[in-house]
2 protein chains.
Amino acid sequence: MQRKYQAKIFVTLRPSVLDPAGVAVQSGLKQLGYDNVERVRIGKYIELTLTSGDEATARQHLEQICHQMLANPVIENYRFDLIEVETQTGVV
Amino acid sequence: MQRKYQAKIFVTLRPSVLDPAGVAVQSGLKQLGYDNVERVRIGKYIELTLTSGDEATARQHLEQICHQMLANPVIENYRFDLIEVETQTGVV
């Protein structure tokens, strides 16, 4: 039996790493009149669908996927939410 | 009295818009052996701190900020979570 999981992955720069894009956005907002905005940090938000036998395996795969491909662990952190969306049983 | 809010903003491509980066990631994952991954969509995740008198004003500002600067409303959707992190009262 295969289960489908919807994963929502958040990749953020580690707090110690400078974020020039975030600084640029903050400066742009200031020029537009929004001087009440601080500490802008820009990261990635990735949605994907994963098929797996059970949730533990899905989490393990996702951990590897984040580590190998979606995030750069030297400068980025990641976390993810996983929800089951569908269960596919084999046709008898 | 000024309140500080932490905003978490999600900017995603509209479902009808093609996502070549997502397709590339999915293809890369397949080459790494993860052929159980589908529908990869890559968006932006932005964190910022906003100072405002009350939550309604903060939400209104954030709505304008997303619309004007963080998202391209023609091809992207956005949503945000807002939590109060600190209240600053004036020193008497």
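As a starting point, this report considers the structure included with it. (Residues numbered from 1 in each chain as written. Chains lettered and ligands numbered in written order. Predicted model: local features only at pLDDT ≥ 70, side-chain atom pairs only at ≥ 80, totals over all residues. Heavy atoms only, no water.)

**As for the overall build of chain A**
- The helix and strand inventory of chain A stands at two helices and three strands.
- N-terminal to C-terminal, the α/β element order of chain A is β-α-β-α-β.
- The C-alpha radius of gyration computed for chain A amounts to 18 Å, which surpasses the reference 12 Å derived for 92 residues by more than 25%, pointing to a less compact arrangement than a globule.
- Counting over 92 residues, chain A shows a buried share of 37%.
- In chain A, of all internal contacts separated by at least 6 residues, the share reaching a separation of at least 24 is 75%. (Helix = DSSP H or I, 4+ residues; strand = E, 2+ residues; numbered from the N terminus. Rg over C-alpha atoms; globule rule 2.2 N^0.38 Å. Buried < 20%, exposed > 50% of the residue type's maximum accessible area, 1.4 Å probe, protein only. Contact = heavy atoms within 4.5 Å.)

**Re the interface of chain A and chain B**
- In this assembly, 32 residues from chain A lie in contact with 33 residues from chain B.
- Both sides of the chain A and chain B interface together cover about 3000 Å² of buried area, and 58% of this is carbon and sulfur.
- For chain A, the biggest contributors to the area lost against chain B are Tyr34, Asn36 and Tyr45 of chain A; these three give 21% of the whole.
- For the pair chain A and chain B, the number of links is two salt bridges. (Buried area = accessible area lost by both parts, 1.4 Å probe. Salt bridge = Lys/Arg side-chain N within 4 Å of Asp/Glu carboxyl O.)

**Digging into the relation of the copies chain A and chain B**
- Superposing chain A onto chain B takes a rotation of 180° plus a shift of 0.0 Å along the axis, which leaves an RMSD of 0.0 Å. Here the transformation between the copies is reduced to the relation of a two-fold axis.
- In this assembly, 100% of the residues forming the interface of chain A have copies in chain B that are likewise at the interface, indicating an isologous arrangement. (Least-squares fit on C-alpha atoms with pLDDT ≥ 70 in both.)

**Notes on the pairing of strand S2 (residues 37–52) of chain B**
- Sheet analysis places strand S2 (residues 37–52) of chain A next to S2 of chain B, joined by 11 bridges and oriented antiparallel. Across the sheet, residue Ile42 of chain A finds its bridge partner in S2 of chain B, namely Ile46 of chain B.
- Sheet analysis places strand S1 (residues 2–13) of chain B next to S2 of chain B, joined by nine bridges and oriented antiparallel. Residue pairing across strands places Val11 of chain B opposite Lys44 of chain B, the latter belonging to S2 of chain B. (Pairing = 2+ DSSP bridges.)

**Looking at the pattern of salt bridges**
- According to the stated counting rule, one finds six salt bridges over all chains in the structure shown.
- Salt-bridge contacts for Lys4 of chain B lead to Glu38 of chain A; the nearest nitrogen and oxygen are separated by 3.4 Å. With Lys4 of chain B in strand S1 and Glu38 of chain A in strand S2, the pair connects residues from two separate chains.
- Between Arg3 of chain B and Glu84 of chain B there is a salt bridge, with its nearest N and O atoms 3.2 Å apart. Taken together, the residues span a long stretch of sequence, with Arg3 of chain B in strand S1 and Glu84 of chain B in strand S3 (residues 76–88) at a distance of 81 residues.
- Relative accessible area serves as the criterion here: at 38%, Glu84 of chain B is assigned to the partly exposed category.

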